[in-house]
Structures are given as C-alpha cells and as structure tokens.
Amino acid sequence: MLRLVLSSRRARPAILASVVMLGAGVAPCTAQTRFAWPDTAVDAAEYTRPTQCLAAVERVRRQAERRRWREQNVIPDTMPWDPEARRRPLPTSAVATAQRCAARWAAPTGTLREFGPLFALYLEAGRDSDAAVLLRRRLAAVDPKQADVERTAIIDSVVGIYLQAQPVRLAAAESLLSERARHKADRLERLKIYVQLMGQAAGVHDTARARRAAQQVVAIADSLTPAERESEEFQESGGPFTAYMMAWSTIVGDRVLLDSLRRSTAAYMSLLRSMWARWSKRRPELIDLGPLGEKAPPITADFWFPQDSARHLHPTPGHVALVVFLDRTRCVDGIGHWLDFASTDRRDEWHQCWAAAVNLRRLAERFPPLEITVVSRTYGYFMYAPPLSPAEEAAYSARWMAGHGIPGTLAVSTTAFGNLNAPDGRRIDKPDSNATRYDSGSKQSRGCGSHFYLVDQDGMIVDYQCGGVEYLDNSGPGFDQLSQKIDALLHRSEGGASRAAR
C-alpha cells in the first residue's frame, strides 16, 4: 500500500507538505558521536597492594627478556649455564615499574600485613635500605609470647627472599643467618638454610661464601644426634649426601677432587669414603656409596640404533662412557597437559629434555672419545600413534632421538608386562632389567626413572645422578662438574688395568 501511495504523483505534494509541517516542531538531529575507545593504559602507581606490583614487575621483566631473546636470536633453555645470570640486575624497565609502584609505601609506615611481598618489592625497586627498615619494624612487632618461633620464621622468610631476589643478595642473607645463629633455633631448620645458601653461592661461583656456608653445614651436621640424623625431617632436607658430602666437596674444593680422579678411580673413591666416614663416624671401608666404585653392568637390549652397535659391549672397555637412562614418557609422551598431541612446538616438551639433548651434543663435540649410550625401553605406545609392536616403537624412539640430534647409541629393550583382571585390563610393566642391575639395590638410585652413570676406562662407575635428564639441563653447575670429571678421566695417563689400583 505504501508503495502505491508513493508512486502516485498526486499524493507526492500532500506527503511532502505533511512532512514539512511535522518537522517544523522537531529539533534538528545532531551528528552521531563517534565511539571513543576507553583508556586501557595501566598506571602501576595506582596499585594498592604489593602483590599487584610484584605481578606487574614480573610481566615487564618477561617482556624485556623476550625482547632481548628475539634481538639476540637465542632461546635460553638450550644455552650454556651462565653463573653470572643471578648476579645481574633486573631490566631497567622492570626496576622503573617497581619504583613507581612502590612509591606509595614509605618504609617507616609501610604495611606490615603484607610484609613479605612489600619486602620483595623494595628489593626489586633497589630500595634495599628500606627493606632493612621494614625488617626491623617487623621484628619489633613480634609477639613476646612467641618471640623465638615468630622471629625465626620471619628471618627464614627474609633469607629466602634474599636468595631468590634478582640480583641475589647473598651478603644480606649470610648476615641474617649469622644473626639467626645467635638465637635459639632448631638445628635441622638452620641446616636447611645453610645448605640453600651454600648451593646458591656455588651457583654464582662465589666460592668463598659457599665455603663459609659449607663449614656451617659440617658444624651443624657434626652436632646432630643419631636420632636427628635418622629423622624424616633430615632425610627430606636432602639427607647426608646434600648436607655433608656436598659441603665437604665444597670445603675440599673441586681441584682436589678432580686431581684424585685424574690419578685413579681408587684414589677418588678413597677420598669420598674418608669424607663420608667423618659424617657417619664409621670406618671408610664400611661406607656404602651405592653404585659408585662398582663395576658397570653391560647394557642388554633387543633393538640397537645403529644396528651394528650390538657387536660390542656397552660400556666399551677402554673407553670413558656416559650411560644415560631415558624415561621417554617424561620427554615425549608427557605433553598431554598442553592438550595438543600433534604439535611440533618445542614448548610441548619438557625444557629439561631439550636442554639435556643440547648438552649431550656439547659433550660429544667437546670430547669426541666419549662413548654415549642412551638406554630406553618400550611402553606399548608412542604419543598419539596407534598400538605399536616393540620394534616399531623402538624405531619411533630412534627417530625422536635423531630429530633432537642426540648423539651416541640408542639401546631399547622390550618391557615385559602383565594386565590387571577384567574389566580393568590395564597394562602393568615389570621392572627394566638394565635399570635394576645398575641400581644394584642402592637406596639412592632406586626408582629414579631417568638417571646417568659416568664410567671410567676400566668400567668402574665414578659418577651417578638420579634424575639424569634434569641434571643435564642448564639450571645449575651440575653440567659443568660432569664435564670436568669427563675431562679428568680422558687425561689420565696410560697404564691399562693398573689404573684402577693406583
């Protein structure tokens, strides 16, 4: 109907007149206002809690680091361990963010309700003196009824913050620990912190401070009662190896240890036993060092890559060898938490596995005579592939190793297994024979999953670490220490089997 009216020539004048009359009493339309995008700029100075500031500083730090990685065209998880990294200051942009965000809190009046976060924020802002003022205020506010317990907890927390700060505040942490020693405190708790300080100092090559911390560890460990040494708390803190062997190694020094290893495995083991004997108060010949000093069993496997590797023993007599037990599921099949099984993104695999692969290549390039044998087994599957035969699964593992450029020989054994009764039916793997023979009943090595053994020319195990893949990453000095031991073994003087007796 409307179309008919509009199309009528007679109706047009009347319609126009009506529109003019109606529009005479209506205000003219204004132009449409353009939508303005809200200001989303973040002002750190407006944050009202120290935890918000810490999160902001962390975001800025990560952005600055990613920018630096792109500029340098590097990925840090595969770069050599840098002992100076912990000493370097935060990026200037992160420090500026911390300073702007922390400006609202003056040290004499800053909130004590969020003491820990505010203390850490002061350090990030470079306000170490204000952090010390805040600590004095917090200690002054300690409840007299719980003075010892609360004071100890506060100092422990601050020491932890100092040791985790960037750059690390080793001097401040050491000073607090000395003060804490003058107060009544649990010895096992003190031992844990000195072990932490020792490790942190060694991690940045601060040998003098590491040695002082190690001396404290030895002194505290010597004072423990037999019951304390056997306590669950002590074992959870690292036990005698961390608390004593690491400390004595720090005190004696790498040079002495390496010189003994360079002479012979017998001399090296004798030195280790003497250090252990002082801890255990037992005769050195009665000390059980697990697989250290034992003969390395030959590796048995159903599948070898390359195939001709099966023609001779591994480890091979006369060669310095590194036997690496690889729990493939931790590096390959453990990517399900990313929910992207088919991705080729390197982030889908544990960064320790990438770093371990790179460091094995570094060892192979630096020490061409070093024999590397990677030991694995079948699990009945490989990532998202359909069920495979043992031979097919072993071939997949070999392709994965080749893809990562992992050097050496791959030995894969078929895993015997059983199944639970119906309707469950799950596969239950039996222990791997190679791992069982290398563990040799040692409490330290049982159930490791991934570990490695360094074997000398005479087939004697001279170094061993549980969690081998992780130990070979770039998060600490462990890889450098392993390299030094390999170098010491390769530079032994000639002498055949008599080397073990010297």
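Residues numbered from 1 in each chain as written. Predicted model: local features only at pLDDT ≥ 70, side-chain atom pairs only at ≥ 80, totals over all residues. Heavy atoms only, no water.

Caption draft 1: Representation of the overall build of the chain in the model. Helices and strands together make up the secondary structure of the chain, namely 21 helices and eight strands. Here the chain holds 502 residues, and the buried ones make up 43% of them. Total accessible area computed for the chain in this model is approximately 27,500 Å², and 56% of it derives from carbon and sulfur atoms. (Helix = DSSP H or I, 4+ residues; strand = E, 2+ residues; numbered from the N terminus. Buried < 20%, exposed > 50% of the residue type's maximum accessible area, 1.4 Å probe, protein only. Areas by Shrake-Rupley, 256 points an atom, 1.4 Å probe, with all protein chains shown as cover.)

Caption draft 2: Here's a closer look at helix 7 (residues 147-164). With 18 residues, helix 7 extends 26 Å from end C-alpha to end C-alpha; this agrees with the ideal 26 Å at 1.5 Å per step. The complete set of buried residues in helix 7 reads Glu-150, Arg-151, Thr-152, Ile-154, Ile-155, Val-158, Val-159, Gly-160, Ile-161, Tyr-162 and Leu-163. Buried-residue contacts for helix 7 involve helix 5 (115-124), helix 6 (128-140), helix 8 (170-181) and helix 9 (187-203). (Expected span 1.5 Å × (residues − 1). Contact = heavy atoms within 4.5 Å.)

Caption draft 3: Looking closely at the packing of helix 14 (residues 254-263) against helix 21 (residues 478-490). The interhelical angle for the contact between helix 14 and helix 21, taken along N-to-C directions, is 35°, at an axis separation of 8 Å. Between helix 14 and helix 21 lies a crossing whose hand is right-handed. Of helix 21, the residues touching helix 14 (which contributes Asp-254, Leu-258, Leu-261 and Arg-262) are Gln-484, Lys-485, Ala-488 and Leu-489. Residues belonging to the contact of helix 14 with helix 21 are distributed by class as follows: four nonpolar, one polar and three charged. (Axes fitted to C-alpha atoms, helices over the stretch in contact; angles between N-to-C directions. Left-handed = near helix turned anticlockwise from the far one by under 90°. Nonpolar A, V, L, I, M, F, W, Y, C, P; charged D, E, K, R; others polar.)

Caption draft 4: Up close: the nonpolar core. In terms of nonpolar packing, the biggest core is built from 114 residues, with Phe-119, Leu-272, Leu-322 and Leu-363 touching the most fellow members. In terms of residue count, the dominant contributor to this core is helix 9 (eight residues). Apart from residues no more than four positions distant in its own chain, Leu-322 is found in contact with Leu-360, Leu-363, Leu-370, Glu-371, Ile-372, Thr-373, Phe-452, Tyr-453, Leu-454 and Leu-482. (Core = buried A, V, L, I, M, F, W, Y, C linked by side-chain atoms within 4.5 Å.)

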